[in-house]
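# Notes for the structure review
Spelled out, the chains give:
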Amino acid sequence: EAGVTQFPSHSVIEKGQTVTLRCDPISGHDNLYWYRRVMGKEIKFLLHFVKESKQDESGMPNNRFLAERTGGTYSTLKVQPAELEDSGVYFCASSQGDRGLDEQFFGPGTRLTVL
Amino acid sequence: DAKTTQPPSMDCAEGRAANLPCNHSTISGNEYVYWYRQIHSQGPQYIIHGLKNNETNEMASLIITEDRKSSTLILPHATLRDTAVYYCIEGVKAAGNKLTFGGGTRVLVKP
């Protein structure tokens, strides 16, 4: 069974540009989460989808970040315009059904560098 | 912010048991203790979780004190591949409960 995949693995962009990160969860997982670790800080929650609906977006830092989950399958996280402080590693995770915090499966992350 | 406290780092000899402590003195009655780890350049990986009884799986054992204010993750026979940052996290077993990561314990397994 394929795990959570993320694309791209690395992205280097300039300040002010736009970047879109993609996450493909494990097939059949209704819950999809985005987290990020910025330099020197702890991993922080960004938001949570249940199927195609945003369940909790309390961790989204500002309106430059837009997450979508088309048809309840893959998800994208767009940063527009990117700022220097957005540099970090963005992780996606998925979990099954409504059992919540049993186990979240994480992808390898996308390392974003904003110059 | 994370509500658990862990030592920032510890070393372990290969082949020996690694005992990782975690304090969660303000844990609520319905909160579980979850352990994840992050091996360098990978995403976090689930290890084990428990409520009040000790738990064991193929990766580790979790010992929770009777008052539930602390727990210990035991890696019975540490290997070099167990070198990682280990996170102890409180969580309610409800749909959509986000993980709140603290600083974790950086474990270095030495040959």
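Owing to the predicted nature of the structure, the values given are computational and were not obtained by experimental measurement.

What counts and how
- Residues numbered from 1 in each chain as written.
- Chains lettered and ligands numbered in written order.
- Predicted model: local features only at pLDDT ≥ 70, side-chain atom pairs only at ≥ 80, totals over all residues.
- Heavy atoms only, no water.
- Buried < 20%, exposed > 50% of the residue type's maximum accessible area, 1.4 Å probe, protein only.
- Helix = DSSP H or I, 4+ residues; strand = E, 2+ residues; numbered from the N terminus.
- Pairing = 2+ DSSP bridges.
- 1 Å grid on protein atoms, 1.4 Å probe; cavity = no way out; pocket = protein on both sides within 12 Å on 5 of 7 lines; lining within 4 Å.
- Points joined across faces, edges and corners; volume = space filled by probe spheres on them.
- Nonpolar A, V, L, I, M, F, W, Y, C, P; charged D, E, K, R; others polar.

All names here are of chain A. Most of strand β4 (residues 31–38) sits inside the fold, with seven of its eight residues counted as buried. The pairing of β4 with strand β5 (residues 44–50) spans six bridges and is antiparallel. Counted as the bridge partner of R36 is K44 from β5. Here β4 folds back onto β5, and the loop between the two strands holds five residues, one of which, G40, carries a positive phi near 75°. Examined bridge by bridge, β4 and strand β9 (residues 88–95) share eight bridges and lie antiparallel to one another. Considered in β9, the bridge of L32 is made with S94.

Next up on the list: the sheet that holds strand β5 (residues 55–56) of chain B. Residue and element names in this part refer to chain B. Pairing within the open sheet is antiparallel, and its four strands lie in the order β2-β7-β6-β5. At either end of the open sheet lies a strand with only one pairing partner, and these are β2 (18–23) and β5. Alignment of β5 against strand β6 (residues 61–64), held across two bridges, turns out to be antiparallel. The residue of β6 that forms the bridge with E55 is L62.

All right, on to the pairing of strand β8 (residues 84–92) of chain B then. Residues and elements named next belong to chain B. For β8, a buried count of eight out of nine residues is recorded, marking the element as mostly surrounded by other parts of the structure. As paired strands, strand β3 (residues 31–38) and β8 are joined by eight bridges and run antiparallel to one another. Following the sheet pairing, Q38 is matched in β8 by V85.

With omega at -5°, the peptide bond leading from F7 of chain A into P8 of chain A counts as cis. Topologically, P8 of chain A is positioned in the loop between β1 (5–7) and β2 (10–13). Here the amide bond leading from Q80 of chain A into P81 of chain A is cis, since omega sits at -10°, within 30 degrees of zero. Tracing the backbone shows P81 of chain A in the loop between β8 (75–79) and β9. Backbone geometry at S41 of chain B places phi at a positive 70°, although glycine is not the residue there. Within the element layout of this structure, S41 of chain B appears in the loop between β3 and β4 (45–50). S41 of chain B gets classed as exposed once you look at its relative accessible area, which sits at 56%. The backbone phi angle of R68 of chain B is positive, close to 65°, even though this residue is not glycine. With respect to the element layout, R68 of chain B can be found in the loop between β6 and β7 (70–75). For R68 of chain B, a relative accessible area of 11% translates into the label buried.

Right, let's talk about the layout of surface pockets for a bit. One water molecule sets the probe size; rolling that probe over the atoms shows where empty space is left. Here the largest pocket defines a volume of roughly 750 Å³. Lining the largest pocket are 35 residues, with R37 and R111 of chain A together with Q38, H40 and S41 of chain B sitting closest to its centre. Elements with a minimum of two residues in the lining of the largest pocket: β4, β9 and β11 (110–114) of chain A together with β8 and β9 (105–110) of chain B. For the lining of the largest pocket, a count of residues per class yields 13 nonpolar, 17 polar and five charged. In this structure, the second largest pocket occupies an estimated 220 Å³ of space. Looking at the second largest pocket, it is lined by 13 residues, and the ones nearest its centre are F105 and F106 of chain A together with P44, Q45 and Y46 of chain B. Breaking the lining of the second largest pocket down by element, the ones donating at least two residues are β10 (105–106) of chain A together with β4 of chain B. Per-class residue counts for the lining of the second largest pocket are seven nonpolar, five polar and one charged.

Such coordinate-based values are descriptive only and should not be taken to indicate function.
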